[in-house]
Amino acid sequence: MAGRRGAQILPYSKLKSKPNKRRRNRLSDLLLTNVFSLGLFISLIFFLGVVVKYGIPNPLSSKSGNSSYPSPYRTKRLFSWRPFSSNHTNSPVDITTKGLYDKIEFLDVDGGPWKQGWVVKYKGDEWDRETLKIFVVPHSHNDPGWKLTVEEYYLQQSRHILDTIVETLSKDTRRKFIWEEMSYLQRWWRDASDSKKQDLISLVKNGQLEIVGGGWVMNDEANSHYFAIIEQMMEGNTWLADNIGAVPRNAWAIDPFGYSATMAYLLRRMGFENMLIQRTHYELKKELALHENLEFLWRQGWDVEGTADIFVHMMPFYSYDIPHTCGPEPAICCQFDFARMRGFSYESCPWGQHPVETNPSNVHERALKLLDQYRKKSTLYRTNTLLVPLGDDFRYASTDEAESQFSNYQMLFDYINSNPSLNAEAKFGTLEDYFQTLRAEAERINFSLPGEIGSSVLEGFPSLSGDFFTYADRQKDYWSGYYVSRPFFKAVDRVLEETLRASEIMFSLVLGYCYRAPCAKYPISFSDKLTAARRNLALFQHHDGVTGTAKDHVVEDYGLRMHTSLHDLHIFMAKSVELLLNVNHDKADHSQLSQFETEQVRSKYNVQPIHRVIEVPDGSLETVVFFNPLEQTREEIVMVVVTRPDICVLSSNWTSLRSQIAPELHHQEDDLFTGRHRVFWKASVPPLGLQTYYIVNGYVGCEKPKHSKMKLLGGSKPLSCPAPYTCSKLVKGVIEIQNHLHTLTFDAKHGLLQKVSNHKDSNVRVVAEEIGMYSSMGSGAYLFKPTGEAQPIVQAGGRIVISDGPFMQEVYSYPKVSSGKTPISHSTRVYHGEDTVQGFLIEKEYHVELLGPDFNDRELIARFKTDIENKRIFYSDLNGFQMSRRETYDKIPLQGNYYPMPSLAFLQNIKGHRFSVHSRQSLGVASLRNGWLEIMLDRRLTRDDDRGLGQGVMDNRPMNVLFHLLIESNISASTNTKMEGSAALNPSLLSHRVGAHLNYPMHAFVSKKTEEISVQLPPKIFSPLMSPLPCDVHIVQFKVPRPSRFMSGSLEDLRFLLILQRRGWDASYCKRGGFGCSTLIDGMFDLFSVFKDLEILEAKATSLNTLHDDTENVGNIEELQRKQLQEISGEGQVMLYPMELHAYKLGIRPKQ
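First things first, this report covers the structure right here in the doc. Just so it is clear, the model here is predicted, and its values are computed rather than measured. (Residues numbered from 1 in each chain as written. Predicted model: local features only at pLDDT ≥ 70, side-chain atom pairs only at ≥ 80, totals over all residues. Heavy atoms only, no water.)

### Examining the overall build of the protein chain
Worth spelling out the cut-off: Put simply, DSSP marks the helices as runs of H or I at least four residues long and the strands as runs of E at least two long, and each gets a number from the N terminus on. Each residue is placed in one exposure class: buried if its accessible area under a 1.4 Å probe, protein chains only, is under 20% of its type's maximum, exposed if it is over 50%, and partly exposed if it falls in between. Each accessible area value is a Shrake-Rupley result obtained with a 1.4 Å probe; residue values ignore everything except the protein chains displayed when judging cover.
The secondary structure content of the protein chain amounts to 18 helices and 54 strands. For the protein chain, the residues scored as buried account for 64% of the 1152 residues in total. Accessible surface computed for the protein chain: about 40800 Å², of which carbon and sulfur atoms make up 51%.

Here you go:
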């Protein structure tokens, strides 16, 4: 697919050193050559000193609980793929985004024709030695939903665009095109004739049409979780490979509103070699362009050896439209957008100079004017290979439009190419043409700067680490609003994600256990709906989906699709529970109907889920089954809602369990109590397994639940005590609740948390909770533009309910606010249980109703004002995969200091005292003052922010936002934590567990019919794993990638996919996560010993999109290391590396 290369001639004067030889500075060479020896010597001296003083140390971590489980994870030492960067250090790079922020003054200087740059000039002799090779890349950006739904766009525009591409490219082999979104290509494929399909395949094979990215959508990179990104990429890439036979190598992301390092990592591990990005802060673009650093190798901050480095091309100008892609002067570039000529429906050029048809009489003048822009753009990059995109949103919609662009440009190219004195060669190209030509040039010519670290992946370019948030496109317009827009559907997205993951695991387990048995027919019959669920999740990852930046009816379409899939998955899971608990698969009932249903139900796409109310008549029982989607045993306080308090809880072997009962509350000022009851008890559920419990009424000898002790504060209206509880009036000005670890203190006047005391180390942390509101006259779906700081809204005099029991203590507050209706109520809970993850955390649940005109142009926040001296430095996660260091800058406005928080943010002082907030959905976060951490909960906006949507955000829904707060202290020997560098800190092992429990909750199922107590059912438990996995090993996904083809394969086929991650965690907090945990000491993992009753016949390492079984395609890995990654020993031993994702294709059958 490579384009024709220019003549290999001597380098031109722009180059800094001689061609064909790579030379490093001699001092640098000396240091690099001896750094290992020096480091080893220093480490040896330090180690001997430690041994003399403290004796021989014990292993860092070992099996410390669940002794009944044998550990199959061996400790054999193997050569490491690459060292993992420890906390407080960063991988060596030339550029960090923190360094850019520190350097740039953010003055928004007017640069003239290139408003955000400078007046670009060149001498004219720069290309005397090396021809300027110009690749003009036609493209059409097709949003799968924005102003229209994905189906409306397809019917009105996208299908015609694809028809046009096939027709016009077939006329002339010189014409090229790139396409990105598989959601549209798959839809077109369904309608296309066989001849059109074959024409498209031919265009792909001969290199005229390149599929770039090839995901189901061009996903958002701020809000999307890495699980969903992998899913949407895998869904698109797999469809592409199966139907067209193409495997993409180059990624194209011109429209996401900021870029995450996680996406770069995932792409590299999927086999991508190059990527293109566009929407980064305009001041960063300018700074990078000034030093010819717009092309770089993106390195992960923890990847010391650069094994996941990927080459990146950053577009330099304001937009990806034609006026902003040919060169620095949009008024000139617009004249070469021939679809803006009369006769087409696109807007005319706003600069007043319009395109004209190219003809023999004007081609000389037009070609030189266009070439001048190309040359100016070229000076911003190091090489003489230039990329010029040619397209815009939904372009090439007709044959006439396409012919106008292709014909006019071809005439210009012919003129340029026929005049050797111009030292330029221009033609249509694809990304593959561009990157291959650039790499070939970089092999011949050394573009490295003196002292540049670069990357061995592709020399001649700088290495960079960090991410590109928060995006600003002009002036003080920061795109931080979309981190929070439509938070209700951001929450639904994560529910669908974790439900799909749980369903995939169940699907795989049922097929693994059933295989050829009749019970395998049920999951196979569900294949189409499973695929639809994957695609509906994938669709919402679109950068106008999960971002909340689409029109109301489009959001409704996304919501309905997700709701339909949730409904389908719940039905499937309920039936799978029945199948997995039934020992005799062959005689099981394999109808679509199940005796179970989900304990939570969502009646419509736009309402919160509610708990099914369990009603148990006298002498009856209700079955409750929990599915644990995590890879460790779950010891957890669980809850169901019942109609009567005089019930009790039994285990599956009919043992009576201790329990607690408390009244159910809801957001209703006149009556906070629903009349129903919440039952709490401690459940224990095996990893990836099922456990059964019974809610019974009238069972002799069963221990009744303990009634919660209630304290009430009614505010201006007295609260009546709900029956049959005993209530007392709250009289003190201070409220306290506690468990074995914490005592929480609240301000009774406002119902807000004030401080947290730790019983074990006697530390008292100030955690002053505040609820506030921003007033925003310029905010919209994309932008956050507050008129000032957020103001507190809670006043004294709200209503408070305190519940105190043996399993859970809770403070519920319905606050009085400064004006109008109360938009929020909230609960703070602590749980009892030293051997549960819940026992270490503080649960905050906010019920938000930002409804009605009282809250127009308002943005609601929760703020925690701590006594931790963080210097306004904090850490937020990127896509739930890794952490990124954040710093609040005075030189940029408040809205520019807001960052995405998909799942976690924490702040910390130099002594290692840490305050973390885990979230179940993506939101926005900031630390605007020392010790403060604030999170935006919802926003209601009447205005459009002039970014094309044409409306505000007024479709708010009542919703719950759930946080888990964690307070930790560093227990390592090093007392001070460096916070000045650009390196991100890692969560502790306990923090990882807290996040996993929050984001992958247990799924509860209840029987549709009650049964008589006299029918004592046998114990029902399903435990598929040999033992719990180490706590730093996470099963990202266990699935059957191609479910509809499952039955047509043989036992030996690798039809299952297992994706594992070895989490990177901060060992200075290790003891806090140590209960019931083991961790991998040296990375050895026994793949064949994961399952108890399933046999892994064969395993093969693969890429994250399953399309590459050779690790040479997924990273910069040396041969010996590659063999250790690919080869799986006869005993199933594999190496897992910290932070890395490892994918394996498996052949599985039931053990004989």
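More follows now that the structure is in view.
### Observations concerning the sheet that holds strand β34 (residues 808-817)
Selection rule: Whether two strands pair depends on DSSP finding at least two bridges between them. What counts as an axis is a line fitted to C-alpha atoms, over the stretch in contact for a helix, and the angles between N-to-C directions run from 0 to 180 degrees.
Taking strand neighbours across the sheet as the criterion, the eleven strands line up as β27-β26-β33-β34-β35-β36-β45-β42-β41-β38-β39 in an open arrangement whose pairing is mixed. Every interior strand has two partners, whereas the edge strands, β27 (727-729) and β39 (882-887), have only one. Between one strand and the next, the sheet's axes are offset by a mean angle of 20 degrees, whatever the strand orientation. Summarising the sheet, strand β41 (residues 904-908) and strand β42 (residues 914-919) pair through five bridges and their orientation is antiparallel. Residue Ala905 lies in a different strand from β42, and its bridge partner there is Val917.

### Things to note about the nonpolar core
We count it as follows: To form a nonpolar core, buried Ala, Val, Leu, Ile, Met, Phe, Trp, Tyr and Cys residues must be joined to one another through side-chain atoms within 4.5 Å. Note on contacts: a residue pair qualifies if any of its non-hydrogen atoms lie within 4.5 Å across the two residues.
Counting 282 residues, the largest nonpolar core has Trp179, Trp298 and Tyr374 as its most contacted members. For this core, the leading source of residues is helix α13 (residues 487-514), giving 14 residues. Sequence-distant contacts of Trp179, defined by excluding residues within four places in its chain, comprise Ser140, Asn142, Ile161, Leu162, Ile165, Tyr184, Leu185, Leu209, Glu210, Ile211 and Val212. Listed in part, the 30 residues of the second largest apolar core include Phe626, Ile647, Tyr725 and Val1006.

### Describing the state of the cysteines
Note the cut-off: Working definition: a disulfide is two cysteine sulfur atoms within 2.5 Å of each other.
All chains considered together, the criterion is met by six disulfides. There is a disulfide in this structure between Cys334 and Cys349, and the S-S distance comes to 2.0 Å. Taking the sign of the S-S torsion, -95 degrees for the link of Cys334 and Cys349, the bridge is left-handed. With Cys334 in the loop between α9 (330-333) and α10 (363-378) and Cys349 in the loop between α9 and α10, the pair connects residues that are 15 residues apart, well separated along the chain. Accessibility classification places Cys334 together with Cys349 in one group, the buried group. When the bonded cysteines of the protein chain are counted from the start of the sequence, the pairing works out to 1-2, 3-4, 5-6, 7-8, 9-10, 11-12.

### As for the sheet that holds strand β17 (residues 613-614)
Spatial strand order, β17-β19-β23-β22-β25: five strands in an open sheet with mixed pairing. Lying at the two open borders of the sheet, with one neighbouring strand each, are β17 and β25 (706-707). Sheet topology note: the strand β19 (residues 634-642)/strand β23 (residues 673-685) ladder contains nine bridges and is antiparallel. In the strand pairing of β23, Met639 is matched with Phe680.

### Focus: helix α16 (residues 552-581)
Applicable threshold: The span expected for a helix works out to 1.5 Å for each residue beyond the first.
Look at α16: 43 Å from first C-alpha to last across 30 residues, which is about the 44 Å you get at 1.5 Å a residue. Of all 30 residues in α16, 21 are buried; the element is thus mostly enclosed.

### Things to note about the packing of aromatic side chains
Rules: Only Phe, Tyr and Trp rings take part, Trp by its six-membered ring, and two of them pair if their centres are within 6.5 Å. Stacked means planes under 30 degrees apart, edge-to-face means over 60, and tilted covers everything else. Whether a charge sits over a ring comes down to the Lys NZ or Arg CZ being within 6 Å of the ring centre and within 35 degrees of the ring normal.
One pass over the structure, following the stated rule, counts 53 aromatic pairs. With a centroid separation of 4.3 Å and an interplanar angle of 25 degrees, the aromatic rings of Tyr153 and Phe394 are classed as stacked. Of the two residues, Tyr153 is situated in helix α3 (residues 150-171) and Phe394 in the loop between β9 (385-393) and α11 (399-417); the sequence distance between them amounts to 241 residues. A single burial state applies to Tyr153 and to Phe394, both of which are buried. Through a chain of ring-to-ring contacts, the aromatic side chains of Phe177, Phe336, Phe338, Tyr396, Phe406, Tyr409, Phe413 and Phe428 assemble into a single cluster. When the ring centre of Trp146 is taken as origin, the NZ or CZ atom of Lys147, which lies over that ring, is 5.0 Å away. The ring of Tyr346 has Arg395 lying over it, and the distance from NZ or CZ to the ring centre is 4.1 Å.

### What about the packing of helix α4 (residues 182-191) against helix α5 (residues 194-205)?
In a pair of packed helices, the angle between the axes and the distance between the axes together describe the arrangement. Rules: Each angle receives one of four descriptions, namely roughly parallel if under 35 degrees, roughly antiparallel if over 145, roughly perpendicular if within 65 to 115, and oblique otherwise. Each residue receives one of three labels: charged for Asp, Glu, Lys and Arg, nonpolar for Ala, Val, Leu, Ile, Met, Phe, Trp, Tyr, Cys and Pro, and polar for the others, Gly being one of them.
Here α4 crosses α5 at 140 degrees, and the two axes come no closer than 9 Å. When the axis of α4 is compared with that of α5, the two are oblique. Here Leu185, Trp188 and Trp189 of α4 lie close against α5, whose contacting residues are Lys196, Lys197, Leu200 and Ile201. Of the residues assigned to the contact of α4 with α5, the class counts are five nonpolar, no polar and two charged.

### Description of the side chain of Glu622
Put simply, the test is: In this count, Lys and Arg are taken as positive residues and Asp and Glu as negative ones, while His and the chain termini are left out. Within this document, salt bridges are pairs made up of a side-chain nitrogen of Lys or Arg and a carboxyl oxygen of Asp or Glu, the two lying within 4 Å of each other. Residues adjacent in sequence count toward polar contacts only when both atoms are side-chain atoms; beyond that, a polar contact is any pair of N or O atoms within 3.5 Å, and within protein one must be able to donate a hydrogen and the other to accept it.
In this structure, Glu622 sits in strand β18 (residues 620-627). No salt bridge is formed by the buried Glu622; its nearest oppositely charged neighbour, Arg612, is found at 8.8 Å. Within polar-contact distance, the side chain of Glu622 engages the side chain of Ser1007 at 2.7 Å.

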